[in-house]
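Topology and contacts: notes
Single-letter residue listing:
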Amino acid sequence: MVVPFYFANVLSLCAQPKVVYRPGSTIDQQAIAAAVLRESMNPLFLQPERFIVANDAADEQRVLGFGQLRPLSGAWELASLVVEPEARGRGVGSELVRRLLARVEGEAVWLLTLENTRQFYELLGFTEAPPGAAPLTMRLEQAVGSVVVGVVAGQQCIVMNARAGAASAPVP
């Protein structure tokens, strides 16, 4: 029997595992570090208690994704957002971001990302920050990151910001 494409997509979504979200803990340290390195992300400042972790509800040892908020010069940095390839496109990353932002409602949140992820973050209320607007440490990280990803991936690092809990309300 041939299943039309759109029915096949619906069926595959129904077969996807349910997700449980929980605070990170020291038992997550090794998995977080390994995934961050695999994704060529900044491996510094990985404190598990700052993370929210998404697990497969049927197998809670199976990590589907995670992300963290780090303190950043009177604001917060959304960082280390990783979703395992088999869980991408199912809303895991969006839900991780929403849950992290709920922790710091009303506060300024910044992030450093690649150009090709801009639309994902825009849908969550972030906008690209004007040059020089980000905290100094983030501007320095952007400068170094842009050189590296420019050479390796042919992309640019961009800084984005939002006010947590206020979709479509970038930081002034």
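Above: the structure in question.
Attention here is on the structure that accompanies the text. (Residues numbered from 1 in each chain as written. Predicted model: local features only at pLDDT ≥ 70, side-chain atom pairs only at ≥ 80, totals over all residues. Heavy atoms only, no water.)

**Considerations on the overall build of the protein**
Put simply, the test is: In this text, helices come from DSSP runs of H or I with a minimum length of four residues, and strands from runs of E with a minimum of two, each type numbered from the N-terminal end. Each residue gets one of three labels from its accessible area relative to the maximum for its type: buried under 20%, exposed over 50%, partly exposed in between, using a 1.4 Å probe on protein chains only. Contacts between residues were defined by any pair of non-hydrogen atoms, one from each residue, lying within 4.5 Å. For every accessible area listed, the method is Shrake-Rupley and the probe measures 1.4 Å; residues are considered covered only by the protein chains on display.
Looking only at helices and strands, the protein features five helices and seven strands. Written out in order from the N terminus, the α and β elements of the protein read α-β-α-β-β-β-α-β-α-β-α-β. For the protein, with 172 residues in total, the buried portion stands at 39%. Nonlocal contacts in the protein, meaning residues at least 24 apart in sequence, comprise 65% of its contacts between residues at least 6 apart. Summed over its atoms, the accessible surface of the protein is roughly 9,600 Å², and 60% of this surface lies on carbon and sulfur atoms.

**What to know about the packing of aromatic side chains**
The cut-off we apply is this: Stacked, tilted and edge-to-face are the three classes assigned to paired rings of Phe, Tyr and Trp, where Trp is represented by its six-membered ring and a pair needs centres within 6.5 Å; plane angles under 30 degrees give stacked, over 60 edge-to-face, the rest tilted.
The tally for this structure, following the rule as stated, stands at three aromatic pairs. Considering the side-chain rings of F120 and Y121, the 4.9 Å spacing of their centres and the 80° angle between planes classify their relative orientation as edge-to-face. A relative accessible area of 8% places Y121 in the buried class. These aromatic residues form a ring-pair network of at least three members: F120, Y121 and F126.

**Some points on the sheet that holds strand β4 (residues 75-83)**
Short version of the rule: Two strands form a pair only when DSSP identifies at least two bridges running between them.
Read from one edge of the open sheet, seven strands run β1-β2-β3-β4-β5-β7-β6, paired in mixed fashion. The sheet is open, and its two edges are formed by β1 (19-23) and β6 (127-128), each paired on a single side. Pairing of β1 with strand β2 (residues 51-56) involves five bridges; the strand directions are antiparallel. Bridge pairing in β2 links V19 to D56.

Read these as spatial facts, not as claims about activity.
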